[in-house]
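# Chain and residue survey
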Amino acid sequence: MKEQNRTVGIAPYGGSAGGWGALKAVADAIRGQMSVKQDVIALFKVNQPQGFDCPGCAWPDPQHASSFEFCENGAKAVSWEATSKRTTPEFFAAHTVSELWHRNAFELEGEGRLTHPMKYDAATDTYQPIEWETAFNEIGEHLRSYEDPNSVEFYTSGRASNEAAFLWQLFAREYGTNNFPDCSNMCHEPTSVGLPESIGVGKGTVQLEDFDHADLVLCIGHNPGTNHPRMLGTLREVSKRGGTIVAINPLRERGLERFTSPQSPIEMLSFSSTELASTYYKVRVGGDAAMLKGVMKLLLRMHEDALAAGEPGVIDEAFINEHTEGFDALKADLDATDWDHILKVSGMEREEIQHIARLYASAERTIVCYGMGITQHQYGTQNVQQIANLLLMRGNIGKKGAGICPLRGHSNVQGDRTVGITEIPSQELLDSIEKAFGFRPPQEHGHGAVEAIRAIRDGHSKALLCLGGNLAEAISDPQVTFPAMRKLDLVVHMATKLNRSHLLLGKHNYLLPVLGRTETDVQKSGAQSVTVEDSMSMVHASRGSLKPASPHLKSEPALVAGLAMATLPNTVVDWQKMINDYSFIRDAIEKVFPAFADFNERVKQPGGFHLRNTAAERVWNTPTGRAQFKVMQGINEDPRSLKCHDMVLTTLRSHDQYNTTLYGLNDRYRGVTGRRDVLFINADEAEKRQLRVGDQVNVIALDAEGNHTSRRMDNLTIVVLDMAAGSAGAYYPEANVLVPLDSHDTKSGIPAYKSVPIAMERVAEPVETSGARR
Ligand SMILES: Nc1nc2c(c(=O)[nH]1)N[C@H]1C(S)=C(S)[C@@H](COP(=O)(O)OP(=O)(O)OC[C@H]3O[C@@H](n4cnc5c(=O)[nH]c(N)nc54)[C@H](O)[C@@H]3O)O[C@H]1N2
Ligand SMILES: Nc1nc2c(c(=O)[nH]1)N[C@H]1C(S)=C(S)[C@@H](COP(=O)(O)OP(=O)(O)OC[C@H]3O[C@@H](n4cnc5c(=O)[nH]c(N)nc54)[C@H](O)[C@@H]3O)O[C@H]1N2
Ligand SMILES: [Mo]
């Protein structure tokens, strides 16, 4: 293959994040996907008090937004849903499922919105239209035929509204199971599991206003320029007012460095930008706990030195004494951790860690933001707890301008959890459901995502019902997952667009189309609103305004209620009443969860209302009533890795994708255009292996001992980026072929998507690839 062909679509990006590039990308998305008239209506209503909640991300909205909040990737998410393209029964009749299986995500979702309820017909190998009533009755019959309710899995993706998710868990629990694999199991589960142990609540403690008062914001392992672009506006304000932002990430992400605000005419016209992160540290993939331990170790030192010199210390002893437990154990652990190990695992210089420690010690108010770079590891839960430790050391929780800020993923993933989507329900939750509805929910815990796949693989689970999402592609290990899915007896998907999970067929398969968030939802009592909860626990209403993509769509709440009524002939729940008027669903939510008191009234306030966060008030909901310093044994994901893994791969989102949905094949800020078949490494690593940009390699996943496994990706093209040594990156979901199902955090079960030890072998005779993979 010719040299110039191999580097096609690879060129460094020189600009800032946002700016004209973002405006152009929005214009392209809108032109390509939807008619101009609708886009204006749609975009202006996104994140407005009377409009719909943007399906893009979970970053909160300023309370009194004067103009609509502009965001490139939000606009893409909206136009993707509001497309005028349709995946009709005629389309399905013309293409067998076997044929569609060979298309990639970009091509499948590119066909547009699903329009009719469909059922798979094995004789023709096609999906065929079916009447709603028939579909409900058949699915109900299948579900009633299983002896053990725990052989059914109820998956939830985080776009479902509070109303839909609440009915979903009610249906599953009345049916008799707590099997709730959900996207949160692959996302912020370490937050949900780790933070309750540390501070008594599994959510972030900050609100948007806190960013107006923070002196220091540490951004660890998240990529706001792509994944929560509206956050760049907040960071820009922090920076403009003189606050310090430090980014800690193996990749130098443009969105964390510089930002041109599309809302600022001056920045736009003068091509200027605001510098965001004043300091950028490239931690090695999986090296965060080591870095955090290094910072904490130095704080202890600085504290002792200060006290010895008769100066005030840097650790908040008064706070620690009054509010916490376990500090001595943490100290002992930090003392026992040696610097060689810290430096080797973090891949950072001691001076760099010292710089972070000094900044932290001198800041009065610190916020730590983090994302998937922290959670998706074998020690994800402990990573989160080390962040909590760091904040507790200086009393940075429950103080204005300070706190912990997990960047949630899907726009309502946090809300779904709040209203009961959990495989490990508390006794309190189960009792409240019993009291409110009069049936006794199953008491034993159910399956999370990885457990669900195992149960399906082993034949214990026979049915999978998915409220949105693309579980088969989102979860690790297609080698195991895909064949497992094909063993199912019943598969039901409720979705807006076609994806590859829908093409993994069991014995009986249904594909049911739903209304999107941008669309009007009219029920007996009139047009309905739903509610969502953002990353900062603000609950607000969302009401669609666009004409539904097809007259045959059902809203998610109506669909769930339809399934429940068809499955449970003796149900004690008045499903129909709640569907006629969603305010009755909110009344029911309020009955089960007292935090939602006066729900229907409070949600009418512009901007919604804030759910109480006890830790933010320094009320610690832990068994002893105190916040806990949690010790992490060891600082490396895998203690053996120092010996055998010289290269660890992390899986990344491009700028042109929403999880498994591909909007396009570009990754503007990382300089990749029209392709995804790439492997990112730094210049030294490339040189060491005598690799140049455009060369091809095969990537082989290693087991814990460093042996080659059968999991591999062939013919990836090398792209050199400014990133940490010993670290490689490839795109999710394609790179899931490298992640074994059993590689996950032992505490939370989250797959270790961001720490895959790999080996590389050079491809001697590079081959032409299509750029996009299946
Ligand atoms: N446009 C768009 N928006 C989205 C999404 C999307 O796909 N597209 N997805 C939504 C969802 S569900 C989620 S969960 C969020 C995800 O948002 P993010 O948390 O930002 O997710 P990622 O892009 O997976 O990775 C984040 C960053 O972690 C860094 N990283 C990788 N490994 C490590 C590590 O070991 N340590 C550290 N410190 N950093 C590391 C990567 O370089 C990357 O910059 O975004 C949400 N918003
Ligand atoms: N290797 C690797 N794997 C990962 C990750 C990673 O960083 N690396 N990230 C993980 C994370 S953080 C997450 S959250 C999961 C994502 O896992 P999921 O949430 O399961 O996946 P999505 O790609 O968001 O789902 C996309 C599909 O949702 C459907 N959909 C879209 N909007 C709606 C709607 O309004 N209603 C309904 N019913 N359906 C809708 C469409 O059919 C679309 O095809 O992936 C995880 N997997
Ligand atoms: Mo996520």
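Residues numbered from 1 in each chain as written. Chains lettered and ligands numbered in written order. Predicted model: local features only at pLDDT ≥ 70, side-chain atom pairs only at ≥ 80, totals over all residues. Heavy atoms only, no water.

## A look at the overall build of the chain
Our working definition: Strands are runs of DSSP state E lasting at least two residues, helices are runs of H or I lasting at least four, and both sets are numbered from the N terminus onward. Every radius of gyration here is taken over C-alpha atoms, with the globule rule written as 2.2 Å times N^0.38, N being the number of residues. Only protein chains enter the area calculation, which uses a 1.4 Å probe; residues under 20% of their type maximum are buried, those over 50% are exposed, and those in between are partly exposed.
Secondary structure summary: the chain contains 32 helices and 31 strands in total. Relative to the 2.2 N^0.38 estimate, which gives 28 Å for 774 residues, the radius of gyration of the chain is 25 Å and therefore close to what a compact globule would have. For the chain, the C-alpha atoms occupy an extent of roughly 80 × 65 × 55 Å along the three principal directions. Looking at the chain residue by residue over its 774 residues, the buried ones come to 64%.

## Quick notes on the UniProt feature "domain: Molybdopterin dinucleotide-binding" (unreviewed entry) in the chain
Basically, it comes down to this: UniProt positions are given in the numbering used here, feature names are shortened, and annotations may be inferred rather than shown by experiment.
UniProt marks residues 647-757 with the feature "domain: Molybdopterin dinucleotide-binding" (unreviewed entry), using the numbering shown here. Annotation note: span residues 647-757, helix share 5%, strand share 36%, distance between end C-alpha atoms 6 Å.

## Describing the site of ligand 2
The test is simple: Any residue with a heavy atom positioned within 4 Å of a molecule or strand is treated as near that molecule or strand. In protein, a polar contact means a hydrogen-donor-capable atom and an acceptor-capable atom, both N or O and within 3.5 Å, with residues adjacent in sequence counting only if both atoms are side-chain atoms; elsewhere, any N or O pair within 3.5 Å suffices. Calculation of accessible area relied on Shrake-Rupley with a 1.4 Å probe; when residues are assessed, cover is drawn exclusively from the protein chains displayed.
Around ligand 2 lies a shell of 32 residues, among which Tyr155, Glu556, Thr660, Tyr732 and Asn736 are the nearest. Within the backbone of Met494, an N or O atom sits 3.0 Å from a nitrogen atom of ligand 2. About the coverage of ligand 2: the protein hides 96% of its 930 Å² of free accessible area. If you list the elements that add at least two residues to the shell around ligand 2, you get α25 (471-474) and β16 (490-495).

## Some points on the domain arrangement of the chain
Quick reminder of the rule: Reported domain spans reflect what an automatic or database domain assignment gives. Contacts were defined at the residue level, with two residues in contact if any of their heavy atoms lie within 4.5 Å. Take the accessible area each of two parts loses on contact, using a 1.4 Å probe, and add the two losses: that sum is the buried area. Salt bridges are counted wherever a side-chain nitrogen of Lys or Arg sits within 4 Å of a carboxyl oxygen of Asp or Glu.
Taken domain by domain, the chain holds domain 1 (86-185 + 412-612), domain 2 (189-406) and domain 3 (644-762). If you average the C-alpha positions of domain 1 and of domain 3, the two centres end up 32 Å apart. Contact residues are listed per partner, giving 18 residues for domain 1 and 22 residues for domain 3. Buried surface at the junction of domain 1 and domain 3, both sides included, amounts to about 1,700 Å², of which 51% is carbon and sulfur. The largest per-residue losses of area from domain 1 upon contact with domain 3 belong to Phe106, Ser476 and Asp477, which jointly make up 29% of the total buried on that side. Inspection of the region where domain 1 meets domain 3 yields two salt bridges. Linking Arg711 and Asp477 is a salt bridge whose minimum nitrogen-to-oxygen distance equals 2.9 Å. Contributions of two or more residues to the side of domain 1 that touches domain 3 are made by α7 (105-109), α24 (449-457), α25 and α26 (478-485).

## Side note on α24
Of all the residues in α24, the buried ones are Ala449, Val450, Ala452, Ile453, Ala455 and Ile456. Each element contacted by the buried residues of α24 is listed here: β6 (152-156), α25 and α26. Two residues or fewer after α24 comes Gly459, characterised by a positive phi angle close to 80°.

## Structural notes on the nonpolar core
What counts here: As used in this record, nonpolar core signifies buried Ala, Val, Leu, Ile, Met, Phe, Trp, Tyr and Cys residues forming a set joined through side-chain atoms within 4.5 Å.
Membership of the largest hydrophobic core comes to 61 residues, with the highest contact counts inside it found for Phe166, Trp168, Phe171, Phe437 and Leu465. Ranked by the residues each element gives to this core, the list is headed by helix α9 (residues 162-175), at nine residues. Residues contacting Phe171, with those up to four places away along its chain left out, are Leu143, Phe154, Leu465, Val560, Leu563, Ala564, Thr567, Leu568 and Trp575. Of all hydrophobic cores here, the second largest spans 53 residues; its members include Ala357, Val384, Ile404 and Ala627.

## Some points on the sheet that holds strand β5 (residues 126-129)
Threshold: Pairing between two strands is assigned when DSSP locates at least 2 bridges connecting them. Helix axes use the C-alpha atoms of the stretch in contact, all axes being lines fitted to C-alpha atoms, and the angles between their N-to-C directions lie in the range 0 to 180 degrees.
In space, the six strands of this open sheet follow the order β5-β4-β17-β16-β15-β6, with mixed pairing throughout. Because the sheet does not close on itself, it has two edges, and the strands there are β5 and β6. Neighbouring strand axes in the sheet, compared pairwise and without regard to direction, differ in orientation by 20° on average. Its contacts with the sheet put helix α27 (residues 556-567) on β15 (463-467), β16 and β17 (508-513), and the angle it makes with β15 is roughly 155°.

## Side note on the environment of Asn659
As for its placement among the helices and strands, Asn659 is situated in the loop between β25 (657-658) and β26 (661-662). Along the backbone, Asn659 and Cys71 are 588 residues apart, and their C-alpha atoms lie at a distance of 17 Å. Discounting residues that sit within four places of it in the chain, Asn659 has contacts with His410, Arg653, Tyr732 and Pro733. Of note is the side chain of Asn659, whose polar atom sits 2.9 Å from the side chain of Arg653.

## Comments concerning the sheet that holds strand β8 (residues 244-248)
In space, the five strands of this open sheet follow the order β11-β8-β7-β13-β14, with parallel pairing throughout. The open sheet has two edge strands with one neighbour each: β11 (279-281) and β14 (403-406). Across the sheet, the mean angle from the axis of one strand to that of its neighbour is 15°, orientation sign disregarded. Sheet topology places strand β7 (residues 216-220) next to β8; five bridges connect them, and they run parallel. From the neighbouring strand, Cys219 faces β8, where its bridge partner is Ala247.

## Considering the pairing of β16
Most of β16 is tucked away: six of the six residues are buried. Side-chain alternation along β16 places Leu490, Val492 and Met494 on one buried face and Val491, His493 and Ala495 on a second face that is also buried. Pairing geometry for β16 and β17, over six bridges, is parallel. Considered in β17, the bridge of Ala495 is made with Pro513.

## Quick word on the pairing of β7
Within β7, five of the five residues are buried, which leaves it mostly tucked inside the rest of the structure. Of the two faces of β7, the one carrying Leu216, Leu218 and Ile220 and the one carrying Val217 and Cys219 are both buried. Bridge analysis of β7 against strand β13 (residues 366-370) gives five bridges, and the strand direction is parallel. Its bridge partner lying in β13, Cys219 is registered against Cys369.

## Some thoughts on the side chain of Asp53
Mapped onto the elements of the fold, Asp53 is located in the loop between α3 (36-45) and α4 (72-81). Classification of Asp53 by relative accessible area gives buried; the value is 7%. Only 2.8 Å separates the side chain of Asp53 from the side chain of Arg517, close enough to count as a polar contact. Looking at Asp53, its side chain comes within polar contact range of the side chain of His540, at 3.4 Å.

## Regarding the site of ligand 1
As a matter of local geometry, ligand 1 sits amid 33 residues, with Asn249, Glu253, Asp288, Gln657 and Asn659 nearest to it. At 2.5 Å from an oxygen atom of ligand 1 is found a side-chain nitrogen or oxygen belonging to Glu253. Isolated, ligand 1 exposes 920 Å² of accessible area, and the fraction of that covered by the protein chains is 99%. Every element with two or more residues in the shell around ligand 1 is listed here: α11 (224-227), α20 (372-375), β24 (648-652) and β25.

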